[in-house]
Every structure is written in structure tokens, then in C-alpha cells.
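# Residue-level structure breakdown
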There are 2 protein chains.
Amino acid sequence: MKELIKEFEEFEKEIYLLKNTSALLYFDKTTIMPEKSSNFRDEQMSYFALKEHQILTSKRFQELIEELSQKNTFSKLDNIIKNKVIVYKKKLKKIVCLPDEFVKEFEKIKGKSYNNWVLARENNDYNLFKEDLRKVVEFSIKKAKYINPKINPYDVLLDDYEEGMRVKDLKIMFSRLKEEVIEILSKIKKSSMYNHDNIFKGMIFKKDTQKEVLEDIFNMLIKGDNKKRFTWSQTIHPFMIRIEQNDVRICNAIKEDDPMFSFLGCSHECGHALYELSFPNEYSNSVLMDRSSLGMHESQSKFWENYVFLSKSFWSGYFEKYRNYFKDELKDIDLDSFYRNICKVKSSLIRVKADEITYILHIIIRFELELNLIEGNIGVDELPELWNKKLKKYLGIEPKNIKEGVLQDIHWSEGVFGYFPTYTLGSIYATMYDSKLKEVFVDYEDKIYNRELDDIIDWLKENISKYTNTKLTKDIIKKACSKEIDIECYINYLKNKYYELYNIED
Amino acid sequence: MKELIKEFEEFEKEIYLLKNTSALLYFDKTTIMPEKSSNFRDEQMSYFALKEHQILTSKRFQELIEELSQKNTFSKLDNIIKNKVIVYKKKLKKIVCLPDEFVKEFEKIKGKSYNNWVLARENNDYNLFKEDLRKVVEFSIKKAKYINPKINPYDVLLDDYEEGMRVKDLKIMFSRLKEEVIEILSKIKKSSMYNHDNIFKGMIFKKDTQKEVLEDIFNMLIKGDNKKRFTWSQTIHPFMIRIEQNDVRICNAIKEDDPMFSFLGCSHECGHALYELSFPNEYSNSVLMDRSSLGMHESQSKFWENYVFLSKSFWSGYFEKYRNYFKDELKDIDLDSFYRNICKVKSSLIRVKADEITYILHIIIRFELELNLIEGNIGVDELPELWNKKLKKYLGIEPKNIKEGVLQDIHWSEGVFGYFPTYTLGSIYATMYDSKLKEVFVDYEDKIYNRELDDIIDWLKENISKYTNTKLTKDIIKKACSKEIDIECYINYLKNKYYELYNIED
């Protein structure tokens, strides 16, 4: 058995070496690489992806997992190896059922579809992309059928991003949420405070000063040994990436006319980074060094972004210091109007620019449409019209063009269906931590006010992050928050916060 | 034959993919990677080095090269493939003769030796390193004997860095050079202008402004398409690296008390970069995409650094613009005293901080000592004493401690013998281009004065860079400069420049 384990560990080491190299190639491509090198880099990245795939699906590795899964052997393995075997079994099950020819063709289709999505956006013309999208939908359904022909194909696809979550759960949560959020939004729109001007208009927040502010965030969140395991760079699109367990990086963008873009973006990405920095050492560079689900990952970033760095407690404690960074710009602005301004709600067309309230409706629109596409209830021809209808109905606005409508997101063009719901799941989970932490620490709000966040970081590590992908998200949350996923908790949070901000009586 | 070539090209593609990945891993390690990740990164780098080595020395690849070398086949190959086969044959000849056991042991010895060199420097104690150095010397000689037992082992080692160059050539050039440079230095020391104060003393040259100055250099040297193939970052140790043909990077360091450190460092690294950016497209990511020799590479960087950006013509044209960047600091300084200051000669202990004149003597000391070590004429016990003696004799100074003496350079600790001479060879070659270019362009000095450098860039590309490693350095230079390597040309340049600067009559 020792031999078996040794062989397994050698395989795993190589798989992770290749995976981490791919991560670095991606990071470098996005941040530093000169543009002329992109063809070569794409080739290089395909090479490593293929190598990793070949090792993972090699006959010997499959046999190994099979041998280690045999009852007699499995029962004698230590817990870490047991978990590894379970995760690999699940992974392999989803991969090996796909015929090579199918995988190749789907890759090609997705490549073409992405390119034509870019083209269609540039030309503001859905027809340039429609047929590709039709193929991508068709192949996504086929893929789901290969993996498990017995269940709803959307459930199969969703499982890649939010393991264990099912359409029926989402439908219940999202229909309840939709109803409430539409009502909250309509009340906000009726409020006398709706549509107030952006008080930052015309101001310039210098990049170098914004960088100093970001250092404040790093100092609050990235502490001790983590400082030697973390780095950050500037880019256009913010993201977090782990190269390997001791190398977690975030990229952040700074806009001189919108200081909250870098501030909240940075707290968001730091949340993602903290999650990965908190994975247990003993899983080092193994298959267990991975998120439980995308919703779980998003709950970490959303927690820090919305529940800490966009909370009234935080700004009550930090505003004076912050105003000192931008003495000229903010000299006539008080905490109250500052806070209202950064929490403004307004219906808008673009998801990534949306506020906490309208963001939810953007997600629900996408969820409803993609579910219907994958269940075969609607076709790609009807998509733009349905998009616009829902936008009108839920948000009260209509896109002027297709670029600001159905073509705005990259996901579907790359064959990614079942990803959108995880953004809102992240918020739902994050509210549950916020609510639980109020019970755990009587001085929770004071901690945030005083920017003493270590206990909160530790709580998340001990109750959430340490389980990585060894447990399902819903089980981790149940244990951590002492209850099932609770949509009412989220609805209450939204009402409390925004009814107060907009002086609305419930 | 088509089949053979196809197979060969697939091998080569993989070798270059791995090589380029290693280059990126190294770049990232030196610039961005968080420090805690270094163990993993070292492992990752060994993995790729080993993979590359395994493919290169695989039975099938060796057979392929053998088959392609067969007279009948070889004669039918196109020129590019012919050259590739020749270069691989040479490479393999040097590798396959080394027993696996020997290679492994030598790697271990070098690793230990490097670590103990670091330790010895920290503790200022040669004894912590001496025994490792003894082993490294012993194994370097062994290696040379494996490769070619019939010739001087130093010639074998030198060939890796300066192919075709031999000890007898170096001895002739360097003894002539030593005699002349010692005389030049003694005359400079007798000059009334020797030992003048550094006029930059106490000034602060802001980093951001220095960066703007560097942009001037980039704008002069990196033009058109090359802008999309080049990038630069800031680090502690300046270097140039090619990730692949369309991805050439330099790293540069900025010191606020010494503006020439970044200025000349940047021109130096840009010279290296321009060489690699000028390699022909048709050699894309193949074994032909490589330098002819280290001396050749260094000649490109030295040419731009010393013959363009440290020339009187350049500063006569640029000084006013430069002074504008540092209005406060340089307001009372005229061109003449500025130029004398940046060309100051002074005996000093550390090679990398030395000026154009004393640098040569630093190299000759190292060459003489390493040659004697490898020829077995001296042992590591005597090294520190001999070092100090030579320093006293050639430069008139003595190190206060071993850290500033024989322990200052990394090279020997890593088993690198035969590298040092290439620094000075680079200067010798560069002077020959400078001298040739004066013939080729009657307005050569004007071009430099006006910072119109395109013709010079093109000349170097057409006459030097395009040959990459398909010709020996001496042959490239002979064709480009219409004469053999000419040490007198270098001596004349040094005399002309420094006798004028120090008002010395010849």
C-alpha cells in the first residue's frame, strides 16, 4: 500500500506543478507580458493544460485511484489521502465519460464562439454571435447528458461551480428574493433621496494616494506570515489568483474619478486571497487545496467588501483617516453624505457596475434565461427580446443597444452556464457569517469600527476556509452558522440597511 | 525525409516551450514572487530543467540528429535546418559524454557551494567556502576532461561562453591590455584632476523623474513593432531576459543618489534587449534563437552604454534636456564638469562598481586566477593572498576584508569558469563597431548628438545580430568590421578618451 501511495503522490505532485505553472502563465499574460507574445503564450498554455489532462486521465492514474478506492485499502488510508481519493474520483467521473472527439470539437466551438462574441460586441450585432451561441448551448446540454443523463442538465452544469446545489433550491431562493428585491427597489425609487447626484463628480483622486489607502487595507487583512505569501499588482481587470499555496496574488485597478472602485475592489480581492491563504498547510499543493464552491469563494470576497468595508461601523471609525488622504476633495463632505454616496442604489444596465440591490436582479435575469436555454424552453433567437423584457420588468430600464444588453457578459460565449447564480449565493452566505459573527463576538461592530479584524479573520479560517473542498458548501455553512442556508437572513439585511439609508418605513 | 523533419520540429518545439517556461519562472521569481514561495519555485524550475534535459538527451532525439546529419540527408536540408542540426550536434556532444552520476553529484556540489558562498560572505570568512570551492574546481576540471581530454581544460570551459576563443588568444590580448591599462591608470592618477569630488554628492534624484529619463532611452532604442515585444520592470539587480522571441524584458534599478546607475544600467540592458529583438523571425523559438557568444552579447550592451550613452557627442546634444529633468540639482553644473563626473576613473575594490578603465584590471585579475586554478597551477588555499597581491599590483589598493576581495563575485561558487573574460571581450568588440560605424556613416557623431539612432540600430541588426549562433563571434566581427579582433583599437579608444578627459599628453 505504501508503494501505491507513493506512486499516487508522485502523480499528484506533477499535476500540481503543471497546474501552478499554468496559473503563472495566465497571471503574467494578464499583467506584464508584451502583447505580441500572446499567440505563443496561448500555445504554451494549451500545452500545459493538455499535459495536465493527459496525466490526470492516464490509464495508470485511473487505476491507482481505483485501487486506492477498494474497500480494504481505502479503510486503511489516513484522512487526507481518503479525501484526495474522493475528490479525484469525482473529478475523473466527470472527465472520462466525455469522448475525446467531443471534447476537441467543443473546445473549437468555444474558441470560435468567444472570438465572435468579441466581434459581435465591437459591431453591436447579435447576429455575428447567435449561431455560435446556439452551438455552445447545444454542446453544453450534450456534455451534461454524457455526465449524467438522468438529471436536469442544468443541475449537472451547476455542480461544477456549486457542488450539491440544485435547480429546485435555486428556484425557491431566487423567486423569494426577486419578489422582495423588486419591492425594495420600488420603495427606494419612490424615496425623496433617490437619484441624488454623485458627490464625487468632477473630483480627482490621485492614483498614488489611492495606493496609500490600499496599503491600509493590506495592513488590516494581510498579516504576519501571510505578508510573505502575498503580492499585488495593478491591472485593468481586478482578480485574485493563487500560483501555489505560498504565492497568492491580487490584481487591482485604480480609477481617478472613482476612489471606491479601487477601495472596494481591493477589499473584495483581498477577501478571495484571505480564503486561499487560510487553506491548511497539510493540503499543500494537492487537489484538496481548492475552494468548496464558487459561491463559497464569492462569500469570502463579498463578506469583506460589503459587510466590513462598506459597513456603517467601518466608515464611522475610518472616515476621518480617509478624509485626510484626500484633504482637498473631501474637505466639505461629512460622513453621512459620504456613506450615502458610496451605498447609492440606481437601476443601471451593466451588471459589473451595479450596486448591492440591483446586482441581485441582474443575476436573477441571467439565471432565469440560462436555465431556460439549457432546459430547452427557449432558443437563442428569442434571447435579446427576453433579456430586454426582464430588464424592463425587474429594473425598469431598457438597453439602448445589444452591447449593453445580452452581449455584456463573457460567460455564455465560453460555454459557462451555471456560474451566474454563485455571485448571489456568495452574498447570501456572507450575510449568514455577518449575522453569526454578531452572536459570536459581542463587540463585533466595535472590532470593525476599530479596524481590529484578526478575530474575524481567524473565525473565517477556523469555521470556513480550513475545510477547502473536503466538504460541501452547504454543510460547511450549516456547521459554521448553526443553520441551513437562509434566504430570509439576506432579505432582512437588505431591508435594514437600505430602508435606513433611504428613510423608508417598512 | 519530411517525416524526419516533422519529428525533429516537434521535439524542438517542446524543448523551446520548456526553456521559455523556465525563463518566465526565473523572471517572476526575481521580480514579483512572494518570498515564501521560493522552495516550491526552485522545485518547479528543477522539474522543467530536467524535462528539457530528458527530451534533449532522449535516445530518439539523438538518433534524429544523427539521421539528419547523414551526408545524403544533410545535403538536401534547407539552410535553417542545417544550422539547427549543427548547433544541436555541438550541444549534444558536450552533454552526452557526461555520466549521469557525475552530473547529479556536480549539481549537488554547486548547490552546496553557492549556499556556503553566501554564508562565507555573511560571516566574512573564506574558510566557510574554501572546501566547496576546491570541489567545484576539481569537478570543473573533470567535466572538461570528459568533454575533451586532449586540450587545455580551461579552453573547454571557455568554449561554453565564448565559442572558438582559446586561452592562447586571451593571453596575448590580455597581457597587452594589462600593460597599457596599468600605464593609463598610473598617468590618470598623476593627473591634477584625479580624485576630484563626486559632484552629485548630497543630491537627491527623484525616482519618478529618473523613470521619465528612462522613457527617453526606451523611445530612442525600442521602436515600432519592438514596443509590443518589450517590457521593463524595476528590481534590485538589473538584467535582461528573453521569455520568447516576442517577449523580451529588462529589469532595472534606480538609486536616488546616483542617477547614472539607472541611466547607464538601462542603456546597457536595452543593448542586450536590442540584440535579442533583432534575431531573425525565421529562427522563431528554435535553437538558432540564441547569442553567438557571451562576449558578443556583452558587446551589444557595452556599445550602447559606453560608446553611445556615455559619449561626449551624446551628452553634448542631450545635457540641456537632461538638466531640465533635475532643475534644482543640476542648475549650477555645466556640461563639462557633468561629463567629467560621469566618466571619473578611480581604483576601487568592487568590480561591478568599477569605471571603464579599472574594470579591465578587475577582469584580468579574475582571468589570471581562474586560469591557474583550472590548469592546476594554484590551489584554493592561496587564492585570497594572490587576489590581494594582484589587486595591489594592478590597481594599487587592498581589500580590508575577504567579502570585498575574493568573495565578491558569485561566478566561481556556481562553477562558472571562463565567463569573466567575456566582459572585456565585449568591450573590445564594441570598440570595433564604434570604429567601423565612424567609417560607415560620415555623420555618425551627429546621429548620436541628435539622438537619431535608427541607422545604428539597423547596422547592428544587419551586420551582427542576424547571425545569432549560426556563426562564430570572430567570424561575424571579421565580416562586419573588415578585420580580425583588434586589441589596439580598444587601447587607442581608451587612451584617446581618458587622456583628453584628464589632460594627459601621450
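Residues numbered from 1 in each chain as written. Chains lettered and ligands numbered in written order. Predicted model: local features only at pLDDT ≥ 70, side-chain atom pairs only at ≥ 80, totals over all residues. Heavy atoms only, no water.

## Brief notes about the overall build of chain A
Under the convention used in this document: Runs of E in the DSSP output that reach at least two residues are strands. Runs of H or I that reach at least four are helices, and both are numbered from the N terminus. Using C-alpha atoms as the atom set, the radius of gyration is obtained and then compared with a globule rule of 2.2 Å times the number of residues to the power 0.38. Only protein chains enter the calculation, and the probe is 1.4 Å; a residue is then buried if its accessible area is under 20% of its type maximum, exposed if over 50%, and partly exposed in between. The contact criterion used is simple: two residues touch if any of their non-hydrogen atoms lie within 4.5 Å. Computed by Shrake-Rupley with a 1.4 Å probe, the accessible areas treat only the displayed protein chains as cover when residues are assessed. The sign given to each residue is positive for Lys and Arg and negative for Asp and Glu; His and the chain ends receive no count. Charge positions come from single atoms, namely NZ of Lys, CZ of Arg, CG of Asp or CD of Glu.
From N to C terminus, chain A includes 22 helices and 3 strands. Here the C-alpha radius of gyration of chain A, 23 Å, is about what a compact globule of 506 residues would show, namely 23 Å. The buried share among the 506 residues of chain A stands at 56%. Taking the intrachain contacts of chain A between residues at least 6 apart in sequence as the baseline, contacts between residues at least 24 apart amount to 73%. Accessible area of chain A: about 22500 Å², with a carbon and sulfur share of 48%. Taken together, the 82 basic and 85 acidic charged side chains of chain A have centroids lying 2 Å from each other.

## Considerations on the confidence of the model for chain A
The condition is simple: Scored from 0 to 100, pLDDT reflects the predictor's confidence in each residue.
When pLDDT is averaged along chain A, the result is 95; 100% of the residues meet or exceed 70. Prediction confidence for the complex, expressed as pTM and ipTM, is 0.92 and 0.90 respectively.

## Here's the deal with the side chain of Lys 178 of chain B
Residue and element names in this part refer to chain B. Position of Lys 178 among the secondary structure elements: in helix H9 (residues 167-190). On the accessibility criterion, Lys 178 (19% relative accessible area) is buried. Apart from the residues within four sequence positions on either side, Lys 178 is in contact with Leu 361, Ile 364, Glu 368 and Tyr 394.

## Re the interface of chain A and chain B
Convention followed: We define buried area as the total accessible area lost by two parts upon association, computed with a 1.4 Å probe and summed across both. One speaks of a salt bridge when a side-chain nitrogen belonging to Lys or Arg is within 4 Å of a carboxyl oxygen belonging to Asp or Glu.
Taken together, the contacts link 34 residues of chain A with 34 residues of chain B. Together chain A and chain B conceal approximately 3000 Å² of surface at their shared face, both sides included; 62% is due to carbon and sulfur atoms. Contact with chain B buries area across many residues of chain A, yet Leu 17, Lys 36 and Phe 40 of chain A alone supply 20% of it, more than any other trio. The tally of links between chain A and chain B comes to 10 salt bridges. In this structure, the salt-bridge partner of Lys 13 of chain A is Glu 43 of chain B, at a minimum N-O distance of 3.0 Å.

## Re the packing of aromatic side chains
Filter applied, for reference: Aromatic rings from Phe, Tyr and Trp, taking only the six-membered ring of Trp, are treated as a pair when their centres fall within 6.5 Å; an angle between ring planes under 30 degrees marks them as stacked, one over 60 as edge-to-face, and anything in between as tilted.
For the structure shown, the criterion picks out 99 aromatic pairs over all chains. Ring geometry for Trp 315 of chain A against Phe 338 of chain A: centres 4.8 Å apart, planes inclined by 55°, an arrangement best described as tilted. Of the two residues, Trp 315 of chain A is situated in helix H13 (residues 312-325) and Phe 338 of chain A in helix H15 (residues 335-342); the sequence distance between them amounts to 23 residues. Pair check on accessibility: Trp 315 of chain A and Phe 338 of chain A agree, each one buried. Judged by centre distance (5.4 Å) and plane angle (55°), the rings of Tyr 161 of chain B and Tyr 419 of chain B are tilted. With Tyr 161 of chain B in helix H8 (residues 153-161) and Tyr 419 of chain B in the loop between helix H17 (383-395) and helix H18 (421-440), the pair connects residues that are 258 residues apart, well separated along the chain. The class for Tyr 161 of chain B is buried, based on a relative accessible area of 16%.

## Digging into the packing of helix H3 (residues 59-69) of chain B against helix H5 (residues 79-96) of chain B
Residues and elements named next belong to chain B. Using the following cut-off: Every axis in this analysis is a line fitted to C-alpha atoms, fitted for helices over the stretch in contact. Angles between the N-to-C directions lie between 0 and 180 degrees. In what follows, roughly perpendicular refers to angles from 65 to 115 degrees, roughly parallel to angles under 35, roughly antiparallel to angles over 145, and oblique to any angle outside these ranges. Whether a crossing is left-handed or right-handed is set by the direction in which the near helix is turned from the far one by less than a right angle, anticlockwise for left-handed and clockwise for right-handed. Residue classes follow a fixed rule: Ala, Val, Leu, Ile, Met, Phe, Trp, Tyr, Cys and Pro count as nonpolar, while Asp, Glu, Lys and Arg count as charged, and any other residue, Gly among them, counts as polar.
Here H3 crosses H5 at 135°, and the two axes come no closer than 10 Å. Relative to H5, the element H3 is oriented oblique. Where H3 crosses over H5, the handedness of that crossing is left-handed. Within the contact between the two elements, H3 uses Phe 61, Gln 62, Ile 65, Glu 66, Leu 68 and Ser 69 and H5 uses Val 85, Tyr 88, Lys 89, Leu 92 and Val 96. Its residues assigned to classes, the contact of H3 with H5 shows 7 nonpolar, 2 polar and 2 charged.

## A few points about the pattern of salt bridges
Residues and elements named next belong to chain B. Per the stated rule, a full pass over the model turns up 102 salt bridges over all chains. A salt bridge links Glu 320 to Arg 323; the shortest N-O distance between them is 2.6 Å. Residue Glu 320 and its partner Arg 323 are both found in helix H13 (residues 312-325); the two are separated by 3 residues, about one turn of the helix. In this structure, the salt-bridge partner of Glu 439 is Lys 436, at a minimum N-O distance of 3.6 Å. Of this pair, Glu 439 and Lys 436 both sit in helix H18, 3 residues apart, which is roughly one turn of the helix. By relative accessible area, which is 15% here, Lys 436 ends up buried.

## Details of unusual backbone geometry
Trans peptide bonds make up most of the peptide bonds, and negative phi angles are found at most residues other than glycine. At Asn 285 of chain A, a residue that is not glycine, the phi angle is positive and equals roughly 45°. Of note, Asn 285 of chain A is situated in the loop between helix H11 (259-277) and helix H12 (294-308). Using a relative accessible area of 13% as the deciding quantity, one classes Asn 285 of chain A as buried. In this structure, Ser 482 of chain B takes a positive phi of about 55° despite not being glycine. Along the chain, Ser 482 of chain B turns up in the loop between helix H21 (473-481) and helix H22 (487-501). A relative accessible area of 53% places Ser 482 of chain B in the exposed class.

## Brief notes about the sheet that holds strand E1 (residues 230-234) of chain A
Each strand in a sheet pairs with its neighbour through backbone hydrogen bonds, running either in the same direction (parallel) or in the opposite one (antiparallel). Residues and elements named next belong to chain A. Test applied: Here, a strand pair is defined by DSSP locating no fewer than two bridges between the strands.
Spatially, E1-E3-E2 is the arrangement adopted by the 3 strands of the open sheet, whose pairing is mixed. Each edge of the sheet is formed by a strand with only one pairing partner; in this case those strands are E1 and strand E2 (239-244). Ignoring which end each strand starts from, the neighbouring axes of this sheet average 20° apart. Note that E2 and strand E3 (residues 247-252) share 5 bridges and pair antiparallel. For Glu 244, the partnering residue across the bridge sits in E3 and is Asp 247. Sitting on the sheet, H11 is in contact with E1, E2 and E3, with an inclination near 165° to E3.

## With respect to the relation of the copies chain A and chain B
Cut-off, in case you're wondering: The fit set for superposing copies consists of C-alpha atoms from residues with pLDDT of at least 70 in both; the fit itself is least squares.
Between chain A and chain B, the superposition needs a rotation of 180° and an axial shift of 0.0 Å, giving an RMSD of 0.1 Å. Between the two chains, the operation in question is that of a two-fold axis. Counting the interface residues of chain A, we find that 100% of their copies in chain B are interface residues as well, pointing to one common contact surface.

## Remarks on a negative patch on the surface
Residues and elements named next belong to chain B. The test is simple: Each patch groups residues whose relative accessible area exceeds 30% and which form no salt bridge, using 9 Å between like charges and 5 Å between nonpolar side chains of Val, Leu, Ile, Met, Phe, Trp and Tyr.
Where like charges cluster on the molecular surface, the negative patch consists of Asp 100, Glu 101, Glu 105 and Glu 138. At 3 residues, helix H6 (residues 100-123) tops the list of elements feeding residues into the negative patch. Note that Glu 138 resides in helix H7 (residues 127-147).

## Digging into the sheet that holds strand E3 (residues 247-252) of chain B
All names here are of chain B. Taken in spatial order, the 3 strands make up an open sheet running E1-E3-E2, and their pairing is mixed. Edge positions in the sheet fall to strand E1 (230-234) and strand E2 (239-244), since each of these pairs with one other strand and no more. Across the sheet, the mean angle from the axis of one strand to that of its neighbour is 20°, orientation sign disregarded. With 5 bridges joining them, E1 and E3 adopt parallel strand pairing.

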